Amino acid sequence: MSAVCSYAWLLKSEPAKPGLDAPPQSTLSDDDEGRRILACAYCRRAITTAATRIEMRRAHEHAFTNPHGVRYRIGCFARAAGCAAVGPASDFWSWFPPYAWQIEQCKGCGEHLGWLFCTADHRFHGLILDRLLELQERSQG
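Residues numbered from 1 in each chain as written. Predicted model: local features only at pLDDT ≥ 70, side-chain atom pairs only at ≥ 80, totals over all residues. Heavy atoms only, no water.

Chemist: Quick one: what's the story with the overall build of the protein, residue by residue and with numbers?
Modeler: If you tally the helices and strands in the protein, you get zero helices and nine strands. Seen in sequence order, the protein has helices and strands lined up from the N terminus as β-β-β-β-β-β-β-β-β. Across the 141 residues in the protein, those meeting the buried criterion constitute 43%. Looking at the protein alone, contacts between residues at least 24 apart form 51% of all its contacts between residues at least 6 apart. (Helix = DSSP H or I, 4+ residues; strand = E, 2+ residues; numbered from the N terminus. Buried < 20%, exposed > 50% of the residue type's maximum accessible area, 1.4 Å probe, protein only. Contact = heavy atoms within 4.5 Å.)

Here's what the structure looks like:
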């Protein structure tokens with residue numbers, strides 16, 4: 001069984017230029033938790049917000065090992081506008097069966113940040129937590 005993930009809706013904002021001194025780039029909406037932005041640790045592009053955290057299998061955080069023995073600690077998120085899904089969807093070794101997965105990269109620098117998990121009627125993002133920075137958005141005014 002292989003599901004197809006439609007990810008055109010993820011490609012709405014322009015890519016940012018990588019650089020550690022750049023402010024987070026975002027088309028993200030305000031966050032209920034003090035507008036905390038989760039950004040790519042490599043280029044500081046805004047990826048998601050703290051308010052989009054969700055639980056899958058009764059937890060937000062999960063630790064998994066891929067078939068090559070690489071261990072990841074991921075968090076589950078409802079939205080990640082700063083990511084772009086790449087490649088075909090696969091259900092091989094899915095950490096959340098029956099969800100198929102696609103690799104997700106930062107739209108700013110292309111760094112691998114996690115996976116988009118999809119079924120026919122639901123999707124979520126499993127993002128590698130040590131590849132994200134939590135930033136407090138500066139207030140305007």
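The discussion continues.
Chemist: Before we move on, could you go through the sheet that holds strand β9 (residues 132-136) and cite the residues and values that matter?
Modeler: Ordered by their spatial adjacency, three strands build an open sheet running β2-β1-β9, and the pairing between neighbours is antiparallel. At either margin of the open sheet sits one strand with a lone partner, and together these are β2 (46-49) and β9. For this sheet the average axis-to-axis angle between neighbouring strands, irrespective of direction, equals 35°. In this sheet, β9 lies alongside strand β1 (residues 36-40) in antiparallel orientation, the contact comprising five bridges. Its bridge partner being in β9, Leu-38 is matched across the sheet by Glu-134. (Pairing = 2+ DSSP bridges. Axes fitted to C-alpha atoms, helices over the stretch in contact; angles between N-to-C directions.)

Chemist: How would you explain the pattern of salt bridges if you had to name every residue and give the values?
Modeler: Under the definition given, this model contains four salt bridges. Glu-134 is paired through a salt bridge with Arg-36; the nearest N and O atoms lie 2.4 Å apart. Separated by 98 residues along the polypeptide, Glu-134 in strand β9 and Arg-36 in strand β1 bring together distant segments of the chain. What makes Arg-36 partly exposed here is its relative accessible area of 22%. One salt bridge connects Glu-134 with Arg-53, and the closest N-O pair in it is separated by 3.1 Å. Of this pair, Glu-134 sits in strand β9 while Arg-53 sits in the loop between β2 and β3 (61-65); the two residues are 81 residues apart in sequence, bridging distant segments of the chain. Each of Arg-36, Arg-53 and Glu-134 takes part in one network of salt bridges that share partners. (Salt bridge = Lys/Arg side-chain N within 4 Å of Asp/Glu carboxyl O.)

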